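As a plain string of letters, each chain reads:
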Amino acid sequence: NNLRIVEQSCAFLKDAGREVVFDAEHFFDGYEADPDYALRVLQAALDGGADVIVLCDTNGGMLPWRIDEAVRAVVNAFDAAVGIHAHNDSGCAAANSMTALQAGCTHVQGTFNGLGERCGNADLATIIGNLEVKQGARVLLVDADFAQANLDVLLGLHPRWDLQHVFSGEKTLEEIVVPGPAG
């Protein structure tokens, strides 16, 4: 049966020394149809050793107040890390993710700028900005050396551009990337 397969799959990965993040695909639709069974699926994943249970709005059709209700039920039912994975078919993925965080989720899945299949996924740029700026949460813990190395690769920057000045506030990224007059 499905519950046995969920538990055994999580246990197999856990026994292999892996971190197990269980994505409960179509969770919110399943929760609305049969809340008891949806919670039993999550329990099976936890019984198998899942480190995080992720509630997925796979078809992207949920609205924030419906996300809130289901997430609160899950958080109250389990002593476990709970995450959210929202698609954007109804235009609510970022709002649904923020709502899920407010309701007790501690793990968010998404993509930068919301790029993804169909109408996209939750936009991590929006979510991170809201968390950092509007809620004062520190979610970007990056030191300058780490940022320099990753931005060099990401942006294809020339090694001579020193992003240490950007992170210290001495210069803007534009002052470093846009070349000055030839001299």
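What counts and what doesn't
Residues numbered from 1 in each chain as written. Predicted model: local features only at pLDDT ≥ 70, side-chain atom pairs only at ≥ 80, totals over all residues. Heavy atoms only, no water. pLDDT = per-residue confidence, 0-100. Helix = DSSP H or I, 4+ residues; strand = E, 2+ residues; numbered from the N terminus. Contact = heavy atoms within 4.5 Å. Core = buried A, V, L, I, M, F, W, Y, C linked by side-chain atoms within 4.5 Å. Buried < 20%, exposed > 50% of the residue type's maximum accessible area, 1.4 Å probe, protein only. Pairing = 2+ DSSP bridges. Arc of directions from axis to C-beta. Polar contact = N/O pair within 3.5 Å; in protein donor to acceptor, adjacent residues only side chain to side chain. Axes fitted to C-alpha atoms, helices over the stretch in contact; angles between N-to-C directions. Salt bridge = Lys/Arg side-chain N within 4 Å of Asp/Glu carboxyl O. Phe/Tyr/Trp six-rings, centres within 6.5 Å; stacked < 30°, edge-to-face > 60°.

**Describing the confidence of the model for the protein chain**
- Chain-level pLDDT for the protein chain is 83 on average; 77% of the residues reach the 70-or-more range.
- Taking the mean pLDDT of every element in the protein chain, the minimum, 47, falls on helix α8 (residues 164-168) and the maximum, 98, on helix α3 (residues 35-47).
- Every residue in residues 176-180 is under pLDDT 50, and counting partners more than four places away or in other chains gives eight contacts.

**Some remarks on the nonpolar core**
- Phe22, Phe27, Phe28, Leu42 and Ile53 are the most contacted members of the largest nonpolar core, which has 36 residues in total.
- For this core, the element with the most residues is helix α5 (residues 93-103), which contributes six residues.
- With residues up to four places along the chain from it excluded, the contact list for Leu42 reads Phe22, Ala24, Phe27, Ile53, Leu55, Val74 and Phe78.

**Some remarks on the pairing of strand β1 (residues 21-24)**
- Taking every second residue as pointing to the same face, the buried face of β1 carries Phe22 and Ala24, while none of Val21 and Asp23 on the other face is buried.
- Bridge count between β1 and strand β2 (residues 52-57): four bridges; the pairing is parallel. Across the sheet, residue Ala24 finds its bridge partner in β2, namely Leu55.

**Overview of helix α6 (residues 124-134)**
- All of the buried residues along α6 are Ile127, Leu131 and Glu132. Burial along α6 is one-sided: seen end-on, the buried residues are contained in an arc of 120 degrees. Projecting away from the buried face of α6 at angles above 90 degrees are the exposed residues Val133 and Lys134.
- Buried residues belonging to α6 abut α5 and β4 (107-109).
- A side-chain oxygen of the first residue of α6 lies 2.9 Å from the backbone nitrogen of Ala125; this N-cap is Asp123.
- Note on α6: the residue one or two positions beyond its end, Gly136, has a positive phi of about 70 degrees.

**Section: the sheet that holds strand β3 (residues 81-86)**
- A sheet is described by the order of its strands in space; here four strands give the open sequence β1-β2-β3-β4, paired in parallel fashion. This sheet does not close on itself; its edge strands, each paired only once, are β1 and β4. Within this sheet the neighbouring strands show an average axis-to-axis angle of 25 degrees, counted without direction.
- As judged from the three bridges shared by β3 and β4, these two strands associate in the parallel manner.

**Brief notes about the pattern of salt bridges**
- Following the criterion strictly, the structure yields five salt bridges and no others.
- One salt bridge in this structure joins Arg66 and Glu32, with 2.5 Å as the shortest N-O distance. In this pair, Arg66 is assigned in helix α4 (residues 64-77) and Glu32 in helix α2 (residues 27-33), connecting sequence segments 34 residues apart.
- With a relative accessible area of 28%, Arg66 lands in the partly exposed category.
- Classification of Glu32 as partly exposed rests on a relative accessible area of 44%.

**A word on the packing of aromatic side chains**
- For the structure on display, the rule yields two aromatic pairs.
- Between the aromatic rings of Phe27 and Phe28, the centroid separation amounts to 5.3 Å while the plane-to-plane angle is 85 degrees, which identifies the pairing as edge-to-face.
- Phe27 sits in the buried class, given a relative accessible area of 4%.
- With a relative accessible area of 1%, Phe28 lands in the buried category.
- Put simply, the rings of Phe27, Phe28 and Tyr31 touch in pairs and so form one group of aromatic residues.

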